[in-house]
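# Structural overview for review
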Amino acid sequence: GGQGGSSHPVGCCTSRAPAPPPNKMATPTLAPVLSPTATPIELDDAMVWLPGAALQTDLDTMWLCIGAILVFFMQTGFAMLEVGTVNKKNTSNILLKNVLDASVGSIVWMITGFGLAIGDASPSGGFMGSTHMALNEDEFGGEGYMYGMWLFQWAFAATTATIVSGAVAERCTFTAYITYSILLTGFVYPVVVCWGWNTTGWASAWKSVDDDENPLLMGCGVIDFAGSGVVHMTGGVAALVGSALLGARKARQPVAGGPLVELPSDYAPEYGPIFQTLGTLVLWMGWYGFNGVSTLY
């Protein structure tokens with residue numbers, strides 16, 4: 001599986017291990033209690049119980065869910081940071097955009113995004129996935145790990161979209177922003193994820209097949225552990241293009257094409273530094289989930 005993006009769930013065994021012999025019990029552990037698939041091994045004349053496949057899968061799934069919660073909480077950081085830097089009359093607008101990034105984004109990520117990103121891309125030559133659309137139960141196989149992966153990757157997708165909201169703050173209509181958010185989350189970003197993280201992506205360093213017909217790009221593939229290129233470059237390029245097309249804020253450039261002027265001293269709210277600091281610290285905390293949980297296991 002890939003790092004920070006594409007992976008396949010580990011196997012889940014359903015057979016029950018034999019009960020440990022009473023006279024060879026090691027120091028009690030949680031393994032026999034938590035998992036019916038704990039595996040006994042004999043070590044130094046003592047019976048040691050190792051976590052079974054089911055417990056390992058459950059722990060991996062919990063790991064992804066914890067990371068997803070931390071990354072999703074970064075939406076709060078983005079919102080606070082942006083509220084602290086825009087004029088107070090635009091506060092409601094910028095907050096609503098951040099909420100819709102996550103809510104509308106989750107719908108399009110469910111319908112097309114995850115499938116294009118993580119689904120089987122072999123038919124398209126590694127360009128985009130074609131399976132796992134709309135949380136298809138047959139393709140997800142009822143595996144909790146895959147649903148955890150869906151949640152973790154959705155939080156990443158929402159972050160990509162929110163990167164742009166600050167760049168085009170106060171100069172983009174609500175309809176235009178929602179349209180962009182849907183296209184980026186449901187179609188543009190997932191394709192980039194497929195290229196870099198999907199085990200069948202054309203540029204992925206974690207291809208499941210590496211042979212003469214399907215070689216690693218330049219012998220190694222694109223290595224992106226936690227989204228410096230897949231997430232931040234995609235969001236950054238979208239932000240740059242949007243900013244270039246929209247131009248400066250009206251308060252900064254009163255006449256289209258005219259000279260830029262300094263913003264009024266009272267343009268930013270007095271409470272701005274408070275929210276800027278709060279947003280920065282929230283984002284800082286969220287990054288421990290963004291980077292740390294990109295191990296996926």
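Everything here concerns the structure above.
Residues numbered from 1 in each chain as written. Predicted model: local features only at pLDDT ≥ 70, side-chain atom pairs only at ≥ 80, totals over all residues. Heavy atoms only, no water.

## Quick notes on the overall build of the protein
Threshold: Counting from the N terminus, the helices are DSSP H or I runs at least four residues long and the strands are E runs at least two residues long. Relative accessibility thresholds used throughout: buried, under 20% of the residue-type maximum; exposed, over 50%; partly exposed, between the two (1.4 Å probe, protein chains only). Only the protein chains shown count as cover for residues, and the accessible areas themselves come from Shrake-Rupley with a 1.4 Å probe.
Helix and strand counts for the protein stand at eight helices and two strands. Each helix and strand of the protein, placed in order from N terminus to C terminus, yields the pattern α-β-β-α-α-α-α-α-α-α. Each of the 297 residues in the protein was classed as buried or not, and the buried ones make up 44%. Accessible surface, the protein as shown: approximately 15000 Å² in total, 67% of it carbon and sulfur.

## Examining the nonpolar core
Our working definition: We call a set of buried residues a nonpolar core when its members are Ala, Val, Leu, Ile, Met, Phe, Trp, Tyr or Cys and they connect through side-chain atoms within 4.5 Å of each other.
Counting residues in each nonpolar core, the largest one holds 32 residues, and the members touching the most others are Trp109, Phe114, Phe152, Phe156, Tyr189 and Trp197. Put simply, the parts of the chain that give this core at least two residues each are helix H2 (53-83), helix H3 (91-118), helix H5 (144-167), helix H6 (174-197) and helix H8 (272-292). The element contributing the most residues to this core is H5, with nine residues.

## Points about the packing of aromatic side chains
Applied cut-off: For Phe, Tyr and Trp, rings pair up if their centres lie within 6.5 Å, where Trp contributes its six-membered ring, and each pair is then called stacked (planes under 30 degrees apart), edge-to-face (over 60) or tilted (otherwise). Here, over-ring charges are defined by two tests on the NZ atom of lysine or the CZ atom of arginine: distance to the ring centre within 6 Å, and angle to the ring normal within 35 degrees.
Counted by the stated rule, this structure contains 14 aromatic pairs. Between Trp109 and Tyr189, the ring centres sit 6.1 Å apart and the planes meet at 40 degrees, which makes this aromatic pair tilted. Of this pair, Trp109 sits in helix H3 while Tyr189 is found in helix H6, placing the two residues 80 residues apart along the sequence. The same class applies to Trp109 as to Tyr189, namely buried. Ring geometry for Tyr177 against Tyr180: centres 5.1 Å apart, planes inclined by 55 degrees, an arrangement best described as tilted. You can see Tyr177 and its partner Tyr180 sitting in helix H6, three residues apart, about one turn around the helix. There is no split in this pair, since Tyr177 and Tyr180 are both buried. Lying over the aromatic face of Tyr177, Lys97 brings its terminal NZ or CZ to 5.2 Å of the ring centre.

## Concerning the packing of H3 against H5
Let me state the cut-off plainly: To get an axis, a line is fitted to the C-alpha atoms, and for a helix only the part in contact is used. The angle between two axes follows their N-to-C directions and goes from 0 to 180 degrees. Throughout this description, any angle smaller than 35 degrees is read as roughly parallel, any larger than 145 degrees as roughly antiparallel, any in the 65 to 115 degree range as roughly perpendicular, and the remainder as oblique. Here a crossing is called left-handed whenever its near helix is offset anticlockwise from the far helix by less than a right angle, and right-handed whenever the offset is clockwise. Residue contacts are counted whenever heavy atoms from the two residues lie within 4.5 Å of one another. When residues are sorted by character, Ala, Val, Leu, Ile, Met, Phe, Trp, Tyr, Cys and Pro go into the nonpolar class, Asp, Glu, Lys and Arg into the charged class, and all the rest, Gly among them, into the polar class.
Where H3 meets H5, the axes come as close as 9 Å, and the angle between the chain directions of the two elements is 135 degrees. Put simply, H3 runs oblique to H5. Note that H3 runs across H5; the crossing there is right-handed. Between H3 and H5, the contacting residues are Ile94, Asn98, Asp101, Ala102, Gly105, Ser106, Trp109, Met110 and Phe114 on the first element and Met146, Met149, Trp150, Gln153, Trp154, Ala157, Ala158, Ala161, Thr162 and Ser165 on the second. Tallied by class, the residues present in the contact of H3 with H5 amount to twelve nonpolar, six polar and one charged.

## What about the side chain of Thr159?
Where we set the bar: Think of a polar contact as two N or O atoms within 3.5 Å of one another; within protein, one of them needs to be a possible hydrogen donor and the other a possible acceptor, and neighboring residues in sequence only count if both atoms come from side chains.
The residue Thr159 is located in helix H5 in this model. Separated by 3.0 Å, the side chain of Thr159 and the backbone oxygen of Ala155 make a polar contact. Those residues within four positions of Thr159 in sequence are excluded, and the remaining contacts are Val71, Gln75, Phe78 and Phe290.

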